[in-house]
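Chain by chain, the residues run as shown.
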Amino acid sequence: MTYGENKKLTLALIEEYAPDLVKKTEDDDIALRLPFLYQLAYQELAMTKKIIATKLYNEIPDENKKDKYTSYSLPANLYQIKNVYTLDKNNKPITAEYYTINKKIYLNDNIPGSTILEYYKYPQDINEETMDDFYLELDNDAQALLPYKVADDILKTDPSADYTAFATEYQRKLQLLDTRKNIPTVVLNEPEYDI
């Protein structure tokens, strides 16, 4: 879903959607605050339902490899490291030898192959310059929560509005959000019987 599509849902929830207007609302105050409220909610949901990314570090051939570690920069949008593994020449994953210090990862040059850093990332910022065709980086189920959180935040400052309905619905949906990235599976083999 795009940022623009998600904004339409938010504006429809708070009964401010005006499809014929460029800002999609007649309320200039809401139009002005909307990107910043989206940024806060977007960041919050990205910490709950994390966004996975990968970075590939290719092997640097070195004839004099003796427990030498080469430093590489970690991605600027890194939130947490999920996994680091090396792929050998047959693309078989093997254990990577590495360590991290500050914003650098040090990879052992004695391990041949390419190293893959799998990590959780911060989402791209949303601000007043973010275009409506920007695709949200969150999973679809988390994107569906954004309009409720933003609607809650928009109406909190309006003394005539009852924003608690949106806060309650957001919390309810947040409790149901499945944050697992992998689901365990079991393979059962039927025993063979001689008859």
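Treat the numbers as computed from the prediction; the structure is a model and nothing was measured. (Residues numbered from 1 in each chain as written. Predicted model: local features only at pLDDT ≥ 70, side-chain atom pairs only at ≥ 80, totals over all residues. Heavy atoms only, no water.)

(A) Focus on the overall build of the chain. Check the secondary structure of the chain and you find five helices and seven strands. For the chain, the sequential pattern of α-helices and β-strands runs α-α-β-β-β-β-β-β-β-α-α-α. For 195 residues, the compact-globule estimate of 2.2 N^0.38 gives 16 Å, and the C-alpha radius of gyration of the chain, at 23 Å, exceeds that figure by more than 25%. Each of the three principal axes of the chain carries a C-alpha extent, and together these read 70 × 60 × 30 Å. Out of the 195 residues belonging to the chain, those deemed buried represent 37%. Pairs at least 24 apart in sequence give 73% of the contacts found in the chain among residues at least 6 apart. In the form shown here, the chain has an accessible surface area of approximately 12,800 Å², with 49% of it arising from carbon and sulfur atoms. With 23 positive and 34 negative side-chain charges, the chain shows a spacing of 6 Å between the two charge centroids. (Helix = DSSP H or I, 4+ residues; strand = E, 2+ residues; numbered from the N terminus. Rg over C-alpha atoms; globule rule 2.2 N^0.38 Å. Buried < 20%, exposed > 50% of the residue type's maximum accessible area, 1.4 Å probe, protein only. Contact = heavy atoms within 4.5 Å. Areas by Shrake-Rupley, 256 points an atom, 1.4 Å probe, with all protein chains shown as cover. Lys, Arg positive; Asp, Glu negative; His and termini not counted. Charge placed at Lys NZ, Arg CZ, Asp CG, Glu CD.)

(B) Quick look at the nonpolar core. Judged by nonpolar contacts, the single largest core of 28 residues is most densely connected at Ile 14, Leu 138, Leu 146 and Ile 154. Those elements that provide at least two residues to this core are helix H1 (3–13), helix H2 (28–48), helix H4 (146–155) and helix H5 (164–176). It is H2 that contributes the most residues to this core, eight residues altogether. Leave out the neighbours within four places in its chain, and Ile 154 touches Thr 10, Ile 14, Ile 30, Arg 33, Leu 34 and Leu 37. Core analysis: the next-biggest nonpolar cluster, separate from the first, contains eleven residues, Leu 74, Leu 78, Val 84 and Ala 96 among them. (Core = buried A, V, L, I, M, F, W, Y, C linked by side-chain atoms within 4.5 Å.)

(C) Seen up close, the sheet that holds strand E2 (residues 69–73). Read across the sheet, three strands follow the order E2-E6-E5 without closing on themselves; strand pairing throughout is antiparallel. Whereas interior strands pair on both sides, the edge strands pair on one side only; in this sheet they are E2 and strand E5 (98–101). Neighbour-to-neighbour, the strand axes of the sheet open up by a mean angle of 25°, direction not taken into account. As paired strands, E2 and strand E6 (residues 104–108) are joined by five bridges and run antiparallel to one another. The residue bridging Ser 71 from the neighbouring strand is Tyr 106, located in E6. (Pairing = 2+ DSSP bridges. Axes fitted to C-alpha atoms, helices over the stretch in contact; angles between N-to-C directions.)

(D) Spotlight on the confidence of the model for the chain. With 95% of its residues at a pLDDT of 70 or more, the chain has an overall mean of 90. When pLDDT is averaged over each element of the chain, H1 comes out on top at 96 and strand E4 (residues 93–95) at the bottom at 90. (pLDDT = per-residue confidence, 0-100.)

(E) Representation of unusual backbone geometry in the model. One non-glycine residue, Lys 24, adopts positive backbone phi at about 65°. Relative to the assigned elements, Lys 24 resides in the loop between H1 and H2. Residue classification places Lys 24 among the partly exposed residues on the basis of a relative accessible area of 21%.

(F) Fine view of the sheet that holds strand E7 (residues 114–121). With respect to topology, four strands assemble into an open sheet ordered E1-E7-E3-E4, the strand pairing being antiparallel. At either end of the open sheet lies a strand with only one pairing partner, and these are strand E1 (51–57) and E4. Across the sheet, the axes of successive neighbouring strands diverge by a mean angle of 40°, strand direction being ignored. Two elements, E1 and E7, share seven bridges in a ladder whose sense is antiparallel. Counterpart to Thr 54 in the pairing with E7 is Glu 118.

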